[in-house]
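# Notes for the structure review
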Amino acid sequence: MTFDYLKFAQSLDSYTGMDVKDEHNGQNGWVKWSDSDSNSEYNQVIEYTYDDKDSGETLGFRTWYMETSLMKSDNGKPTGMFVSVKIDYERNTGDDHIILITGFDINGYIQVAQASIQFHGDSDDNLVIAPIRSDDIALSMYNTIHDLQKNVDYGGPTDNAGRKSFAYITQLHIYAITSAVSV
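Residues numbered from 1 in each chain as written. Predicted model: local features only at pLDDT ≥ 70, side-chain atom pairs only at ≥ 80, totals over all residues. Heavy atoms only, no water.

### Notes on the pairing of strand β8 (residues 96-105)
Among the ten residues of β8, eight are classified as buried, and the element is accordingly described as predominantly covered. Pairing between strand β7 (residues 78-89) and β8: ten bridges, direction antiparallel. By the bridge assignment, D88 is partnered in β8 with H97. Adjacent in sequence and paired antiparallel, β7 and β8 are bridged by six residues, among which G94 carries a positive phi angle near 140°. Here β8 runs beside strand β9 (residues 110-118); their pairing, made up of eight bridges, is antiparallel. Across the sheet, T102 pairs through a bridge with A113, a residue of β9. Between the antiparallel neighbours β8 and β9 lie four residues, among them G108 with a positive phi of about 85°. (Buried < 20%, exposed > 50% of the residue type's maximum accessible area, 1.4 Å probe, protein only. Helix = DSSP H or I, 4+ residues; strand = E, 2+ residues; numbered from the N terminus. Pairing = 2+ DSSP bridges.)

Rendered as structure tokens:
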């Protein structure tokens, strides 16, 4: 099983309102994080904007290089793969984070996803989404996060738009990750 980082970036860029920097003009979207001196692949990010149609706000996000883990049976043969990722919503006062873990079976089909959302400065509002298994895991994740956030006021228009976009951003990441997994 493999994960195609370029395909992930291209998929993320293809969704309505999303614009991945450095994904155009023959570049692959992955760049060294500007606040790091390390050349490690794990210090690579995709930076992008999301144009939230409901609020009219253009929001900045950063997705960190995914970590993949092959699951193996006792005889060493692969049985599936986990893909985990950290997504930052870039705010003036500090980043909020989405941690997303997805699990795939030996045939490359998504079987489970789980997320936690950590708000900078508002730990009481943090969210932990239990593992989701359904016919459409990405849509179920969207609905779960949306339902938890729909009556919450996060303050100003940009904070409300950014934080309430987490349901959609997480859904798109599940779709993009799924498109990048192959057997």
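### Some details on the packing of aromatic side chains
Summed over all chains, the structure comprises 13 aromatic pairs. Measuring from ring centre to ring centre gives 6.3 Å for F8 and W30, while their planes differ by 35°; the resulting arrangement is tilted. Of this pair, F8 sits in helix α1 (residues 5-13) while W30 sits in strand β3 (residues 30-32); the two residues are 22 residues apart in sequence, bridging distant segments of the chain. Given a relative accessible area of 0%, F8 falls into the buried group. W30 sits in the buried class, given a relative accessible area of 8%. Note on W30 and Y65: the rings are 5.3 Å apart at their centroids and 70° apart in plane angle, and the pair reads as edge-to-face. Pair noted here: W30 is in strand β3 and Y65 is in the loop between β5 (58-64) and β6 (67-72), with a separation of 35 residues, a long-range link. Judged on exposure class, the residue W30 and its partner Y65 are both buried. (Phe/Tyr/Trp six-rings, centres within 6.5 Å; stacked < 30°, edge-to-face > 60°.)

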